[in-house]
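Summary of structural features
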Amino acid sequence: GQARAAQNFMQVSPPPSVAEAALTFPLVKTLGEAGCLFQSSLVLCNLLTDPDSPFSKFVTPQHRAVEVGSGTGALGVSAALLGVPVCITDLPHVLSQLSDNVALNLSGEALARTSVEALPWGDEQA
């Protein structure tokens, strides 16, 4: 896939076998790092969606995934599009962004197999 920044969002173009349209992730600067889409996420998304990658065998409907510290939720959204039931997690103050991004990029069965949950760690309180 390819990515391009446009104003206050990033569009990611996954392989056509994964999604027909580009995925959109608004960049929310007030969330700090959680509002950014990191290059490492794009690299891992590419590895997960490439059928020739050794990682692709773990991205099937028979597997389940938890994305920890999801930020924009790009990895979890990609996994859901590949048929994986996924729980996308982050700190409580990031959940609104995650829920919005899931609703923006997923529909139907992919949306139904995706949940967004708080997962506090470090100094955060549950």
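See the structure above.
A brief structural summary. As the structure is a prediction and not an experimental result, all values here were calculated from the model. (Residues numbered from 1 in each chain as written. Predicted model: local features only at pLDDT ≥ 70, side-chain atom pairs only at ≥ 80, totals over all residues. Heavy atoms only, no water.)

1. A word on the nonpolar core
Counting residues in each nonpolar core, the largest one holds 18 residues, and the members touching the most others are Val-12, Phe-25, Leu-37, Val-77 and Leu-106. Listed by contribution, the elements that provide at least two residues to this core are strand 2 (9–13), strand 3 (23–26), helix 2 (74–81), strand 5 (86–90) and helix 3 (95–105). Ranked by the residues each element gives to this core, the list is headed by helix 2, at 3 residues. Counting residues in hydrophobic clusters, the runner-up holds 6 residues, among them Cys-45, Leu-75, Ala-79 and Val-84. (Core = buried A, V, L, I, M, F, W, Y, C linked by side-chain atoms within 4.5 Å. Buried < 20%, exposed > 50% of the residue type's maximum accessible area, 1.4 Å probe, protein only. Helix = DSSP H or I, 4+ residues; strand = E, 2+ residues; numbered from the N terminus.)

2. Section: a nonpolar patch on the surface
Together, Val-43, Leu-44, Leu-47 and Phe-55 make up a nonpolar patch on the protein surface, roughly 310 Å² of accessible area in all. With respect to the helices and strands, the residue Leu-47 is situated in helix 1 (residues 39–49). Taking relative accessible area as the criterion, Leu-47 reaches 32% and is therefore assigned partly exposed. (Patch = residues over 30% accessible without salt bridge, like charges linked within 9 Å, V, L, I, M, F, W, Y side chains within 5 Å. Areas by Shrake-Rupley, 256 points an atom, 1.4 Å probe, with all protein chains shown as cover. Salt bridge = Lys/Arg side-chain N within 4 Å of Asp/Glu carboxyl O.)

3. Looking at the layout of surface pockets
In this structure, the largest pocket spans a volume of roughly 280 Å³. With 3 residues, the top contributor of residues to the lining of the largest pocket is helix 1. Looking at side-chain class alone, the lining of the largest pocket contains 10 nonpolar, 7 polar and 3 charged residues. By volume, the second largest pocket amounts to about 160 Å³. Taken together, Leu-44, Leu-48, Phe-58, Val-59, Ala-65, Val-66, Glu-67, Leu-75, Gly-76, Ala-79, Val-84 and Val-86 make up the full set of residues lining the second largest pocket. Among the residues making up the lining of the second largest pocket, the classes are represented as 10 nonpolar, 1 polar and 1 charged. (1 Å grid on protein atoms, 1.4 Å probe; cavity = no way out; pocket = protein on both sides within 12 Å on 5 of 7 lines; lining within 4 Å. Points joined across faces, edges and corners; volume = space filled by probe spheres on them. Nonpolar A, V, L, I, M, F, W, Y, C, P; charged D, E, K, R; others polar.)

4. Observations regarding the pairing of strand 5
Summarising burial for strand 5: 5 of the 5 residues are buried, a large majority. Relative to strand 5, strand 4 (residues 65–67) runs parallel, the two being bridged by 3 bridges. Residue Ala-65 lies in a different strand from strand 5, and its bridge partner there is Val-86. In this view, the connection linking strand 4 to its parallel neighbour strand 5 by way of helix 2 has right-handed handedness. Both strand 5 and strand 6 (residues 114–118) contribute to a ladder of 5 bridges, which runs parallel. Bridged to Val-86 within strand 6 is Thr-114. (Pairing = 2+ DSSP bridges. Right-handed = clockwise from strand over helix to strand, strands pointing away.)

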